[in-house]
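Structural description and commentary
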Amino acid sequence: MRQITIGEFTMNVAEAGSGSPLVLVHGFPLDHSMWQGQIDGLASQFRVIAPDLRGFGQSKSKDDVVTMAQFADDIAALLDAMEVSEPITYCGLSMGGYIGWQFIERHRDRVAKLIQCDTKAKADTDEARATRLKAADHVLEHGPETLITTMMPKLFADANRSSQPDIVEATRQVMMNTAPSAIAAAQRGMAQRPDVTNELSKIDVPTLILVGEHDAISPPDEMRDIAAAIPGAQFVQIDGAGHMAPLEDPQAVNNAMLAFLS
Ligand code: MLT
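Overview of the structure. Remember, predicted model here, so these are calculated numbers, not experimental data. (Residues numbered from 1 in each chain as written. Predicted model: local features only at pLDDT ≥ 70, side-chain atom pairs only at ≥ 80, totals over all residues. Heavy atoms only, no water.)

1. What to know about the packing of helix 2 (residues 68-81) against helix 3 (residues 95-106)
Two elements in contact, helix 2 and helix 3, have axes separated by 8 Å at closest approach and are oriented at 70°. Judged by the angle between their axes, helix 2 and helix 3 are roughly perpendicular. For the pair helix 2 and helix 3, the crossing hand works out as right-handed. Here Met68, Ala69, Phe71, Ala72, Asp73, Ile75, Ala76 and Leu79 of helix 2 lie close against helix 3, whose contacting residues are Met95, Tyr98, Ile99, Gln102, Phe103 and Arg106. (Axes fitted to C-alpha atoms, helices over the stretch in contact; angles between N-to-C directions. Helix = DSSP H or I, 4+ residues; strand = E, 2+ residues; numbered from the N terminus. Parallel < 35°, antiparallel > 145°, perpendicular 65-115°, else oblique. Left-handed = near helix turned anticlockwise from the far one by under 90°. Contact = heavy atoms within 4.5 Å.)

2. Description of the nonpolar core
Ranked by size, the top nonpolar core spans 88 residues in total, and within it Trp35, Met95 and Ile99 carry the most contacts. It is helix 2 that contributes the most residues to this core, seven residues altogether. Non-local contacts of isoleucine 99, meaning those with residues more than four positions away in its chain, are made with Val25, Leu53, Met68, Phe71, Ala72, Ile75 and Tyr90. (Core = buried A, V, L, I, M, F, W, Y, C linked by side-chain atoms within 4.5 Å. Buried < 20%, exposed > 50% of the residue type's maximum accessible area, 1.4 Å probe, protein only.)

3. Thoughts on the side chain of aspartate 31
Relative to the helices and strands, aspartate 31 is located in the loop between strand 3 (20-25) and helix 1 (36-42). One buried charged residue, aspartate 31, remains without a salt bridge, the closest side chain of opposite sign being lysine 60 at 8.5 Å. Polar side-chain contacts of aspartate 31 include one of 2.5 Å to the side chain of serine 33. Once you skip the residues sitting within four places of it in the chain, aspartate 31 turns out to touch His26, Asp52, Gly57 and Val174. (Lys, Arg positive; Asp, Glu negative; His and termini not counted. Salt bridge = Lys/Arg side-chain N within 4 Å of Asp/Glu carboxyl O. Polar contact = N/O pair within 3.5 Å; in protein donor to acceptor, adjacent residues only side chain to side chain.)

The structure is reproduced here in structure tokens:
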């Protein structure tokens, strides 16, 4: 792991391998460790860079709200600090995908290819936004247990929840160890995120849209629509996986990424 100072905070980053840069951006409320299967499986061919976003994992920072644009700008600043000037493959999951839409809009020259996993293009509905803002206040007052209890059943395909208890427990532990202030700040940032549906047709880099067959948060039909709206985008469904497809079936996800990237 490397510690890299970005403005007012220090970003914790896993880095492995050499070659074209592949930046893996985690979901909410997680850290870089959700990508371990990709770090292990892809570092023989790529320079894999997997940061802990501002406030998450070991990237300690206290903010009241962090927008998806701010997270995207942090990644650009990280690449500057790491002297990565070659255009990257940006790969994000869920919240990492919301950040991806902002990254390509704000830092187009830095992007060679885009992989968006288990994410959405739409903004929150009014109801979802209100629930998020309530959850943010609740986490600050009472800690993350309620949020974790609500989220856990939606993260993994049912069969994988029973057959892979280790990844389920590791994910729960990461969530338990996430600072309540980071959870609240990201919830508030996600509540503000724009609807990018009408921007998808402007994406002009090779794009892979990847989704777990049983994703209960960003279902395959919704992701198929995203792929259809992006010129030339490829769509891959990971059979048997849920929202955390890269963690549930790293081999299938790595194969899909390698087929797209090569
Ligand atoms: C995630 O996995 O990053 C979250 O489900 C995103 C969200 O809360 O919308």
